[in-house]
Amino acid sequence: MKKRGKNALVLFFSKTGHTKRAAEEVAAGLESAGISATVKGFADTDPSELEQFSLLAMGSPTHGGKPAKKVRGFMKSLPKKSLKGKRVAAFTSYGRVRGNHTIGVFKKLLKKKGAKAIVPGVAVKAGSPLSLWKGPDIREEDLGRLSALGRALAGKK
Ligand SMILES: Cc1cc2nc3c(=O)[nH]c(=O)nc-3n(C[C@H](O)[C@H](O)[C@H](O)COP(=O)(O)O)c2cc1C
């Protein structure tokens, strides 16, 4: 069956580059499943742009066990029900602790805006826990988990 109109937006925020790298890997997973994926920063995206996409992935560094303030602000600014009918996935890069907590917060924010099927999120370790030192990169096996997230969002294993 032809996947009519299925396309994806991968939004990210990143201070030291790890979440940006993660976003690129999620997009590669989507593309490998035949879905065209656009990667953009939250800061360069107007909430109205989300309308054009049926699939959405959102990524943020873990800041204090939550998505970064800028990301939470973006999510809160979305009109109610604006994610209705969309398949969405969340991912985060964290230094040492509470990456999964960030995914939980993300899911609550996404549900509040009416997101339909929320694909299990992925938290990957990178960077240092509480500073802007870039630290270690995302490990190879975690890059694989991110591309698998992209494929899962596309509806493929
Ligand atoms: C203000 C701030 C708060 C952070 N809070 C946490 C945290 O709660 N848990 C954690 O494991 N890492 C924390 N980190 C580390 C980042 O999550 C980690 O370095 C991440 O990989 C950075 O992603 P980025 O390169 O996309 O900015 C924090 C970093 C900053 C700058």
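Thresholds applied
- Residues numbered from 1 in each chain as written.
- Predicted model: local features only at pLDDT ≥ 70, side-chain atom pairs only at ≥ 80, totals over all residues.
- Helix = DSSP H or I, 4+ residues; strand = E, 2+ residues; numbered from the N terminus.
- Buried ≥ 20, exposed ≤ 12 C-beta atoms within 10 Å, placed from the backbone.
- Near = placed C-beta within 6 Å.
- Nonpolar A, V, L, I, M, F, W, Y, C, P; charged D, E, K, R; others polar.
- Arc of directions from axis to C-beta.
- Core = buried A, V, L, I, M, F, W, Y, C linked by C-beta atoms within 7 Å.
- Contact = placed C-beta atoms within 7 Å.
- Pairing = 2+ DSSP bridges.
- Right-handed = clockwise from strand over helix to strand, strands pointing away.

(A) Structural context of unusual backbone geometry. With a phi angle near 65°, Lys81 is a residue other than glycine that sits in the positive phi range. Note on placement: Lys81 falls in the loop between helix H2 (69–77) and strand S5 (87–94). With 11 C-beta atoms packed within 10 Å, Lys81 lands in the exposed category. Look at Arg98: it is not a glycine, yet its phi comes out positive at around 70°. With respect to the helices, strands and loops of the structure, Arg98 is situated in the loop between S5 and helix H3 (99–112).

(B) Looking closely at the site of the ligand. Among the 23 residues in the neighbourhood of the ligand, the closest are listed as Ser14, Thr19, Pro61, Gly95 and Gly127. Elements supplying a minimum of two residues to the shell around the ligand: helix H1 (18–32), strand S3 (55–63) and S5. Considering each element in turn, the shell around the ligand owes the most residues, 3 residues, to S3. Looking at the shell around the ligand residue by residue, the class counts come to 7 nonpolar, 13 polar and 3 charged.

(C) View of H2. By the burial criterion, the buried members of H2 are Val71, Phe74 and Met75. Take H2 and look down its axis: the buried residues cluster within an arc of 95°, on one side only. Turned more than 90 degrees off the buried face of H2, the exposed positions are Lys69, Gly73, Lys76 and Ser77.

(D) Region of the structure containing the nonpolar core. Counting residues in hydrophobic clusters, the biggest one holds 45 residues, and the most contacted among them are Ala8, Val10, Val26, Leu30, Phe91 and Leu153. Among the elements of the structure, strand S1 (7–12), H1, S3, H2, S5, H3, strand S6 (118–125) and helix H4 (140–153) are those that each provide at least two residues to this core. Setting aside its immediate chain neighbours within four residues, Phe91 contacts Ala22, Val26, Ala57, Gly59, Gly121, Val122, Leu146 and Leu149.

(E) Fine view of the pairing of S6. Sheet analysis places S5 next to S6, joined by 6 bridges and oriented parallel. Paired with Ser93 across the strands is Val124, a residue of S6. Crossover handedness for the path S5 to H3 to S6: right-handed.

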